[in-house]
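One letter stands for each residue in the lines below.
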Amino acid sequence: MDRRDFIKLSGSAIAAGTLATRRTAEAGVAEQGTPFAAPPIETVRIGYVGIGGQGSGHVRNLLKIPGCRITAVCDIRPERTEWATKEITAAGHPAPAAYTRGPRDFERLSETEDLDLVYNATPWEFHVPIMLSAMKNGKHTATEVPAAMTLDDCWAIVESAEKYRKHCLLMENCNYDRMEMMVYNIVRQGLLGEVLHAEGGYLHDLRAIKFADEGEGLWRRAWATKLNGNLYPTHGLGPIANCLDINRGDRFDYLVSMSGPSRGLQAWAAEHVPADSPKRSEKYVLGDMNVSLIKTALGKTILVEHCTNLPRPYSRIHMVQGTKGLFQGYPNRLYIEGRGREDQWQQASDVLGEFEHPLWKEIAAAAQGAGHGGMDFIEDYRLIKCLREGTPTDMNVYDAAALSAVVHLSVQSVGRKAAAVDFPDFTKGKWKTTSPLPIVHM
Ligand SMILES: NC(=O)c1ccc[n+]([C@@H]2O[C@H](COP(=O)([O-])OP(=O)(O)OC[C@H]3O[C@@H](n4cnc5c(N)ncnc54)[C@H](O)[C@@H]3O)[C@@H](O)[C@H]2O)c1
């Protein structure tokens, strides 16, 4: 194996007493065949960047997770770092250093603070600059979704993680939702047989949020004036990619994508936005419905949808189909040949007792009340646990790049009459030898 084949992240100082843990961690890396691990960190010092809607939830989660401290915070709005400072001191920790000198102040944070992890929940355009600056300055990094909006940026984070030997994670919380975890457990137990096809998506009416004068309204709608494709693929795709062992035995090979007309935002604005508002003159290019199909290297098929501008109830589709049966989300049901009645769905709630993912069972009580039904807490917990134990993280930079690449590739394919576009192999062949994600525990 060369350096790119097996990146064992080196750290400057390994605290006394952690050598045994490190040996275990390294053995774990070899066993699991996953490419990234790092020396264990006893107390993970975190710099949090972007403390808006989603970032504030992560800050609250991290304050409840043992073995980490938020020692620096950064936002372009000082009131958000002040809010975080209050939360952090109320939890009994020292006040964090605050970085509020504009949209590039995260650079100063990465350059000057002694941190193990820079974690961000900022608007999409800042994810990659923040992660690159963190890794260049010797910090692990984690980002909200999607990690990157262009293929160049996907490559930039991969190359930086390899060069600086740092973790660079996409924090895909839906991988930790209760149903998604149960389905993964069912798949790992072989109950669906060989998984051949899966469907996922992000179908969420965001019209009011996109037009708000706060939060995502300040930046998310602008993307609809620039790009036509699937701008937010990872919530639906992350969990089903795990079921298909993407980057761990298989990989995304190519994609075709189509978008329908753009009507939803215009119609909503006409009804809700005053005629003299500058918002009324915006021109949206994002098709309200984007449908992409991905073919994997092993010939499996994946449908991914994106729909955020039309009235509709929420769905991530969440369908996983194998040679012995299938799971279908929204509403959650399954059919496994030989179980239950022939040709009849079984309610997912009827099998939860039998197939609940062990992690969910172990952590449900602690996750109660946290964002998005608890899954946000679980992903934060797993991140900190892996960093503390020096084991590979559940997702790595190759997952961040492959899942996020759908943004750019879908835009390309839509612009070329749904022509097939190839995914780069960000792993450079390591997908063939990397073991599937194990059933992880608390
Ligand atoms: N995983 C999920 O379920 C989920 C849910 C919501 C949002 N998100 C993601 O989280 C991210 C943030 O979304 P949000 O809803 O919290 O948006 P938001 O607008 O509520 O919060 C963004 C925060 O970042 C700050 N900010 C903007 N530019 C900055 C910069 N250059 N440096 C430092 N701070 C900056 C803003 O002031 C704001 O406080 C996005 O990537 C979004 O896709 C994920």
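Residues numbered from 1 in each chain as written. Predicted model: local features only at pLDDT ≥ 70, side-chain atom pairs only at ≥ 80, totals over all residues. Heavy atoms only, no water.

## Overview of the packing of helix α2 (residues 53–64) against helix α3 (residues 78–90)
Stage number 1. The contact between α2 and α3 brings their axes to 10 Å, and the two run at 20°. Classified by the interaxial angle, the pair formed by α2 and α3 is roughly parallel. α3 is crossed by α2, and the crossing has right-handed handedness. Mapping the contact onto sequence places Ser56, Val59, Arg60 and Leu63 in α2 and Arg80, Trp83, Glu87 and Ile88 in α3.
Stage number 2. Of the residues in the contact of α2 with α3, the class split is four nonpolar, one polar and three charged. (Axes fitted to C-alpha atoms, helices over the stretch in contact; angles between N-to-C directions. Helix = DSSP H or I, 4+ residues; strand = E, 2+ residues; numbered from the N terminus. Parallel < 35°, antiparallel > 145°, perpendicular 65-115°, else oblique. Left-handed = near helix turned anticlockwise from the far one by under 90°. Contact = heavy atoms within 4.5 Å. Nonpolar A, V, L, I, M, F, W, Y, C, P; charged D, E, K, R; others polar.)

## Concerning the sheet that holds strand β16 (residues 346–347)
Stage number 1. Read from one edge to the other, the open sheet built from nine strands follows the order β16-β15-β14-β13-β9-β12-β11-β10-β17, with strand pairing classed as mixed. Only two strands of the sheet have a single partner each, and these edge strands are β16 and β17 (421–422).
Stage number 2. Here strand β10 (residues 252–259) runs beside strand β11 (residues 290–296); their pairing, made up of seven bridges, is antiparallel. Counterpart to Met258 in the pairing with β11 is Val291.
Stage number 3. Strand contacts of helix α10 (residues 234–243): β9 (195–203), β10, β11, β12 (301–307) and β13 (319–322), with the helix running at about 165° to β9, the strand carrying the most contacts. (Pairing = 2+ DSSP bridges.)

## Looking at the packing of aromatic side chains
Stage number 1. Applying the stated criterion to the full structure yields twelve aromatic pairs.
Stage number 2. Between Trp124 and Tyr232, the aromatic rings sit 5.8 Å apart at their centres with planes inclined by 25°, giving stacked as the arrangement. Taken as a pair, Trp124 in helix α5 (residues 124–136) and Tyr232 in the loop between α9 (220–223) and α10 lie far apart in primary sequence, 108 residues in all. Of the two residues, Trp124 and Tyr232, both sit in the buried class.
Stage number 3. Between Phe211 and Trp268, the aromatic rings sit 5.2 Å apart at their centres with planes inclined by 10°, giving stacked as the arrangement. Within this pair, whereas Phe211 is found in helix α8 (residues 207–211), its partner Trp268 is found in helix α11 (residues 264–272), the two being separated by 57 residues in sequence.
Stage number 4. Through pairs of rings, three or more aromatic residues link up here, namely Trp124, Tyr202, Trp219, Trp223, Tyr232, Tyr314 and Tyr330.
Stage number 5. The side chain of Arg220 reaches across the aromatic face of Tyr232, ending 4.3 Å from its centre. (Phe/Tyr/Trp six-rings, centres within 6.5 Å; stacked < 30°, edge-to-face > 60°. Buried < 20%, exposed > 50% of the residue type's maximum accessible area, 1.4 Å probe, protein only. Lys NZ or Arg CZ within 6 Å of the ring centre and 35° of its normal.)

## Some remarks on α11
Stage number 1. Residues of α11 that are buried include every one of Gly264, Leu265, Trp268 and Ala269, and no others. Projection of α11 onto a plane perpendicular to its axis shows the buried side chains occupying an angular sector of 125°, all on one side.
Stage number 2. Elements that come into contact with the buried residues of α11 comprise α8 and α9. (Arc of directions from axis to C-beta.)

## A short note on helix α15 (residues 397–415)
Stage number 1. For α15, with 19 residues, the first-to-last C-alpha span of 27 Å sits near the 27 Å given by 1.5 Å per residue.
Stage number 2. At Val406, α15 is deflected by roughly 30°, the largest bend along its length.
Stage number 3. Within α15, 15 of the 19 residues are buried, leaving the element largely enclosed by the surrounding structure.
Stage number 4. The residue sitting at the N-terminus of α15 and contributing the capping side-chain oxygen is Asn396; that oxygen lies 2.9 Å from the backbone nitrogen of Tyr398. (Expected span 1.5 Å × (residues − 1). Bend = angle between axes of the 7 residues up to and from the residue. Polar contact = N/O pair within 3.5 Å; in protein donor to acceptor, adjacent residues only side chain to side chain.)

## Structural notes on the side chain of Asp394
Stage number 1. Counting through the fold element by element, Asp394 comes out in the loop between α14 (375–389) and α15.
Stage number 2. A polar contact of 2.6 Å, which involves the side chain of Asp394, links it to the side chain of Tyr176.
Stage number 3. Of the polar contacts made by the side chain of Asp394, one reaches the side chain of Arg382; its length is 2.7 Å.
Stage number 4. Apart from the residues lying within four places of it in its own chain, the contact partners of Asp394 are Tyr176, Arg248, Arg382, Cys386, Asp399, Leu437 and Val440.

## Considerations on the pattern of salt bridges
Stage number 1. Counted according to the given criterion, the structure contains 18 salt bridges.
Stage number 2. Here Glu107 and Arg104 are joined by a salt bridge, their closest N and O atoms 2.7 Å apart.
Stage number 3. In this structure Glu107 comes out as partly exposed when scored by relative accessible area, which is 27%.
Stage number 4. Note on Arg104: relative accessible area 44%, which makes it partly exposed.
Stage number 5. Between Glu282 and Arg221 there is a salt bridge, with the nearest N and O atoms lying 2.7 Å from each other. (Salt bridge = Lys/Arg side-chain N within 4 Å of Asp/Glu carboxyl O.)

## With respect to the layout of surface pockets
Leftover empty space is mapped by rolling, across the atoms, a probe with the size of a water molecule.
Stage number 1. Considered as a void within the structure, the largest pocket measures approximately 990 Å³ in volume.
Stage number 2. Forming the boundary of the largest pocket are 41 residues, of which Gly53, Gln54, Ala121, Glu216 and Trp219 lie nearest the centre.
Stage number 3. For the lining of the largest pocket, the elements supplying multiple residues, two or more each, are α2 and α5.
Stage number 4. It is α5 that provides the largest number of residues to the lining of the largest pocket, a total of five residues.
Stage number 5. Its residues placed into classes, the lining of the largest pocket shows 21 nonpolar, 13 polar and seven charged. (1 Å grid on protein atoms, 1.4 Å probe; cavity = no way out; pocket = protein on both sides within 12 Å on 5 of 7 lines; lining within 4 Å. Points joined across faces, edges and corners; volume = space filled by probe spheres on them.)

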